[in-house]
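Descriptive analysis of the structure
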2 protein chains.
Amino acid sequence: MIENAFYSQENHGPFHLYELGDFSLEEGGVIPQCKLAYATHGQLNAEKNNAILVPTWFSGTSKDYESYIGEGRALDPKLYFIIVVNQLGNGLSSSPHNSPSPIGMSNFPHVRIGDDVRAQHQFITGHFGITELALVVGGSMGAQQTYEWAVRYPDMVKRAAPIAGTAKNTIHDFIFTQTLMDAITSDPAWNDGEYQSNTDVADGLKRHADIWAVMGFTTEFFNQEKWGLFGVETVDELMAGFLEPFFQLMDPNALLVMGWKWQRGDVSRHTDNDLAAALGRIKAKTFVMPIDRDMFFPPSDCEREQQLIPNSELKVITSIAGHFGLFGGEGEDYHGQVDGYLKELLAASVVESVNE
Amino acid sequence: MIENAFYSQENHGPFHLYELGDFSLEEGGVIPQCKLAYATHGQLNAEKNNAILVPTWFSGTSKDYESYIGEGRALDPKLYFIIVVNQLGNGLSSSPHNSPSPIGMSNFPHVRIGDDVRAQHQFITGHFGITELALVVGGSMGAQQTYEWAVRYPDMVKRAAPIAGTAKNTIHDFIFTQTLMDAITSDPAWNDGEYQSNTDVADGLKRHADIWAVMGFTTEFFNQEKWGLFGVETVDELMAGFLEPFFQLMDPNALLVMGWKWQRGDVSRHTDNDLAAALGRIKAKTFVMPIDRDMFFPPSDCEREQQLIPNSELKVITSIAGHFGLFGGEGEDYHGQVDGYLKELLAASVVESVNE
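Read on for an overview of the structure.

1. Digging into the overall build of chain A
On a plain count of helices and strands, chain A comes out with eleven helices and eight strands. Against the globule reference of 21 Å for 356 residues, chain A gives a C-alpha radius of gyration of 19 Å, in line with a compact fold. Seen along its three principal axes, the alpha-carbon backbone of chain A occupies a region of about 55 × 50 × 40 Å. Once local pairs closer than 6 in sequence are excluded, the contacts in chain A between residues at least 24 apart make up 76%.

2. Considering helix α5 (residues 202-216) of chain A
Residue and element names in this part refer to chain A. Along its 15 residues, α5 runs 20 Å from first to last C-alpha, staying within 8% of the 21 Å computed at 1.5 Å per residue. Burial runs high along α5: twelve of the 15 residues are buried. Within the span of α5, buried status applies to Gly-204, Leu-205, Arg-207, His-208, Ala-209, Asp-210, Ile-211, Trp-212, Ala-213, Val-214, Met-215 and Gly-216.

3. Some remarks on the packing of aromatic side chains
Residue and element names in this part refer to chain A. Following the criterion strictly, the structure yields 76 aromatic pairs over all chains and no others. Ring geometry for Tyr-18 against Phe-123: centres 4.9 Å apart, planes inclined by 45°, an arrangement best described as tilted. Pair noted here: Tyr-18 is in strand β1 (residues 16-24) and Phe-123 is in helix α2 (residues 113-128), with a separation of 105 residues, a long-range link. For Phe-123, a relative accessible area of 0% translates into the label buried. Both rings, one in Phe-242 and one in Phe-246, keep their centres 5.7 Å apart while their planes meet at 25°; by these two values the pair is stacked. Of this pair, Phe-242 and Phe-246 both sit in helix α7 (residues 235-248), separated by four residues, roughly a single helical turn. According to the relative accessible area criterion, Phe-242 is partly exposed, its value standing at 24%. Phe-246 gets classed as buried once you look at its relative accessible area, which sits at 19%. When the ring centre of Phe-287 is taken as reference, the NZ or CZ atom of Lys-315 above it lies at 4.8 Å.

4. Regarding the relation of the copies chain A and chain B
Expressed as a screw operation, the relation of chain A to chain B combines 0.0 Å of axial shift with a rotation of 180°, fitting to an RMSD of 0.0 Å. Such values leave the two copies arranged in the relation of a two-fold axis. Comparing interface residues between copies, 100% of those in chain A also sit at the interface in chain B, which points to an isologous, same-surface contact.

5. Some details on the environment of Ala-160 of chain B
Residue and element names in this part refer to chain B. By secondary structure assignment, the location of Ala-160 is in strand β6 (residues 159-163). Taking the relative accessible area as the measure of exposure, Ala-160 reaches 1% and is therefore buried. Note: C-alpha distance between Ala-160 and Tyr-147 (13 residues apart in sequence) is 7.6 Å. What Ala-160 contacts, discounting residues up to four positions off in sequence, is Leu-135, Val-136, Thr-146, Ala-150, Ala-284, Lys-285, Thr-286, Phe-287 and Leu-345.

6. A look at the interface of chain A and chain B
Counting residues at the interface gives 27 residues for chain A and 28 residues for chain B. Buried surface at the junction of chain A and chain B, both sides included, amounts to about 2400 Å², of which 69% is carbon and sulfur. On inspection of chain A and its partner chain B, the count reaches two salt bridges. The closest approach of N and O atoms between Glu-220 of chain A and Arg-304 of chain B, which form a salt bridge, is 3.0 Å. Our enumeration of links across chain A and chain B arrives at ten residue pairs in polar contact (both at pLDDT 80 or more). Among the secondary structure elements, those contributing two or more residues to the side of chain A that touches chain B are α4 (171-185), α5, α6 (219-223), α7 and α10 (299-306) of chain A. By residue class, the composition of the side of chain A that touches chain B is 14 nonpolar, six polar and seven charged.

7. Topic: the pattern of salt bridges
Following the criterion strictly, the structure yields 38 salt bridges over all chains and no others. In this structure, the salt-bridge partner of Glu-26 of chain B is Arg-118 of chain B, at a minimum N-O distance of 3.8 Å. Of this pair, Glu-26 of chain B sits in the loop between β1 (16-24) and β2 (30-41) while Arg-118 of chain B sits in helix α2 (residues 113-128), and the two are 92 residues apart along the sequence. Take Glu-26 of chain B: its relative accessible area is 30%, and that puts it in the partly exposed class. Residue classification places Arg-118 of chain B among the partly exposed residues on the basis of a relative accessible area of 23%. One salt-bridge network, held together by shared partners, links Glu-26, Asp-115, Arg-118, Glu-148, Arg-152 and Arg-269 of chain A.

8. Focus on the sheet that holds strand β6 (residues 159-163) of chain A
Sheets are built from strands that pair by backbone hydrogen bonding, the pairs being arranged parallel or antiparallel. Residue and element names in this part refer to chain A. Read from one edge of the open sheet, eight strands run β1-β2-β4-β3-β5-β6-β7-β8, paired in mixed fashion. The outermost strands of the open sheet, each flanked by one partner alone, are β1 and β8 (312-314). Neighbour-to-neighbour, the strand axes of the sheet open up by a mean angle of 20°, direction not taken into account. Sheet topology note: the strand β3 (residues 51-55)/strand β4 (residues 81-85) ladder contains five bridges and is parallel. Bridging across to β4, Pro-55 finds its partner in Val-85.

9. With respect to the pairing of β6 of chain B
All names here are of chain B. Of all five residues that make up β6, five are buried, and the element is covered over most of its length. Taking every second residue as pointing to the same face, both faces of β6 are buried, with Arg-159, Ala-161 and Ile-163 on one and Ala-160 and Pro-162 on the other. Two elements, strand β5 (residues 135-139) and β6, share four bridges in a ladder whose sense is parallel. Residue pairing for β6: Gly-138 is matched across the bridge by Pro-162. Viewed along the sheet, the connection from β5 through helix α3 (residues 141-152) into β6 turns out right-handed. Across two bridges, β6 lies against strand β7 (residues 285-288) in parallel orientation.

10. As for the side chain of His-12 of chain B
Residue and element names in this part refer to chain B. Turning to its location among the elements, His-12 is positioned in helix α1 (residues 9-12). By relative accessible area, His-12 is classed as buried at 8%. One polar contact links the side chain of His-12 to the main-chain carbonyl oxygen of Phe-6, over a distance of 3.2 Å. With residues near it in sequence (within four places) discarded, His-12 still touches Phe-6, Tyr-7, Thr-61, Ser-62, Lys-63 and Leu-92.

11. Let's talk about the packing of α5 of chain A against α7 of chain A
Two numbers describe a pair of packed helices, the interaxial angle and the distance between the axes. Residues and elements named next belong to chain A. One can describe the packing of α5 onto α7 by two numbers: an axis separation of 8 Å at closest approach and a directional angle of 120°. Classified by the interaxial angle, the pair formed by α5 and α7 is oblique. As for the relative orientation of α5 and α7, their crossing is right-handed in sense. In contact with Ala-202, Leu-205, Lys-206, His-208, Ala-209, Asp-210, Trp-212 and Ala-213 of α5, α7 contributes Met-239, Leu-243, Glu-244, Phe-247 and Gln-248.

12. Examining the sheet that holds β7 of chain B
Residue and element names in this part refer to chain B. Across the sheet, eight strands lie side by side as β1-β2-β4-β3-β5-β6-β7-β8; this open sheet has mixed pairing. The strands lining the two open edges of the sheet, one partner per strand, are β1 and β8 (312-314). The average undirected angle you get between the axes of adjacent strands in this sheet is 20°. Here β2 runs beside strand β4 (residues 81-85); their pairing, made up of four bridges, is antiparallel. Looking at β4, one finds that Tyr-38 is bridged to Val-85. Along the sheet, α2 contacts β1, β2, β3 (51-55) and β4; its crossing angle with β1, the most-contacted strand, is approximately 120°. Strands β3, β5, β6 and β7 of the sheet are contacted by α3, whose axis makes an angle of about 150° with β5.

13. Quick look at the environment of Gly-322 of chain B
All names here are of chain B. Examined against the element boundaries, Gly-322 turns out to sit in the loop between β8 and α11 (332-347). As for Gly-322 and Asp-292, which are separated by 30 residues in sequence, their C-alpha atoms are 7.1 Å apart. With sequence-adjacent residues up to four places away left out, Gly-322 is seen in contact with Gly-216, Thr-218, Ile-291, Arg-293 and Asp-294.

Conventions and cut-offs
- Residues numbered from 1 in each chain as written.
- Chains lettered and ligands numbered in written order.
- Predicted model: local features only at pLDDT ≥ 70, side-chain atom pairs only at ≥ 80, totals over all residues.
- Heavy atoms only, no water.
- Helix = DSSP H or I, 4+ residues; strand = E, 2+ residues; numbered from the N terminus.
- Rg over C-alpha atoms; globule rule 2.2 N^0.38 Å.
- Contact = heavy atoms within 4.5 Å.
- Expected span 1.5 Å × (residues − 1).
- Buried < 20%, exposed > 50% of the residue type's maximum accessible area, 1.4 Å probe, protein only.
- Phe/Tyr/Trp six-rings, centres within 6.5 Å; stacked < 30°, edge-to-face > 60°.
- Lys NZ or Arg CZ within 6 Å of the ring centre and 35° of its normal.
- Least-squares fit on C-alpha atoms with pLDDT ≥ 70 in both.
- Buried area = accessible area lost by both parts, 1.4 Å probe.
- Salt bridge = Lys/Arg side-chain N within 4 Å of Asp/Glu carboxyl O.
- Polar contact = N/O pair within 3.5 Å; in protein donor to acceptor, adjacent residues only side chain to side chain.
- Nonpolar A, V, L, I, M, F, W, Y, C, P; charged D, E, K, R; others polar.
- Pairing = 2+ DSSP bridges.
- Axes fitted to C-alpha atoms, helices over the stretch in contact; angles between N-to-C directions.
- Right-handed = clockwise from strand over helix to strand, strands pointing away.
- Parallel < 35°, antiparallel > 145°, perpendicular 65-115°, else oblique.
- Left-handed = near helix turned anticlockwise from the far one by under 90°.

Coordinates in, geometry out; function isn't part of it.
Below, the structure is given as structure tokens:
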């Protein structure tokens, strides 16, 4: 275990920790006393049918979704009980830097999207007694978890909204993610995962951030110099003032755990690599919501999957910021679109569960 | 100087060397006994008005354009005298690994696109007595040189066809290129440019190749598993069997010289950063030819420039291979489009030079 002040209540709270006990992983290995960090908004109703689950994206935490939640919004805490759950390895939930021996640092085991979803299932059923989810919604790796939820627990998930992500990761994304990971592991100071501080790996984390800049935004974002969407005035401020220090605060091993997981997200693991069969299991009313200019989860990849989901619609979000539109960089415009689609989805009637 | 068997007549010939003498550079510094490597196809006619100049792309050599040249093609050696000239720093022309002290290896000076074009101008006027070019055509960094030719020597260039490249490099491309360069320089074996052999830097060159894979192809290329266009059957063969060893053969410092140059390509240096004024100088009939799915020279960036060029048309090439369509990965389909546009351009009447 090492200290990393970034993953604090001050920066990412308020969040709570739920102890799952010893949690066995799909790739083998166990996370002893596995912890899920989560935040909630609103109240669970008596029928326990107003819960919305929101899983986090790569490098993100529950804090990132606060801009998606609010009174009068789609994710309205007056109406819904919104559980934002941090994926394993993200720095708040059980992760390399905060886990004791025998799974600390370089010894942290491989985690899969399926592990996250099983852990989240154990958490919300065990802790809250929730047996149905009005909606699962998440962006990027949050979309991967959303798909996994809808395929793995089809009777439980009433509605699903994967934003800017895929059910089966593409080969292109695998290679892209590898370049992100290699940027870190090529730093000699990474030291096979046994550094003393994330700051040792500042060079690798900077390179990792720079590759994100190439793929995370869009060519049009740069052409139109849309830095203002992220509150800065120059591209240097965007890179050296925001994106690079942002990733440099993070734990390198955490990013690697998430990267490995992202590369292998694939609901067709449930159906012997038959993606159509896996997506055909989904009972949720599903809105597939790619971002139009996303350079690595392009609408074409998302639409192909959407067409395999029985009760689904394609809802393309427009954002010049591309994948990083997820940060809400276009302000009201981005959130207006997301809220509009999610309100439409939440208003859609679905097959209600028989109360077991 | 170090040996690198890749840059041989066997691999890239036949090519010739032209000595420019001591060549002064825009950034300061001199390349003593500067050499341009070139190949020619066809014969210069008596009027010396059938010359076509073709400058090379990043990491490429004159050999790469052989697939663009042939009897009955647009670049027909029966009709034209085609000069394919290797950019400075590309490993065949004067470059870090083949230059003696005081400019060998890490001491090789910064070279700009303008240096290449001045060197090429000195070469073709001095060696061949050419005072007009029927066409300048090149892909990627070859397009950068094409634009520079048309702006710098507007009376000399009758037709111009920049393929998959820009007149003023974009901020996005600058950052992308930086990630390519950082992949190399982050390898400790690069040793600030003073390695013993390019093979020392195999890890950095592999990472460089992997980033190319992310941006050089397209998401659709990966989705449709179009490896066959490059003569291989799996993505592993594409990466570990082709792309990675391909770049690992090259000289790291050569790639860095070209990368630095690419980042700063900008014809508006002639006009106090006024791009419209620079492109307005072009007298050549110009076909701007982006590739539709190019992830870093997208048609939108190219079209904006095309609209600033007086006698120009936008001709978008379709290729699922994206930027790497330049390699002719789509075979006859790609080359059919390029040949069609170039034939149309070569058939277009232009303002003839008064024979001075």
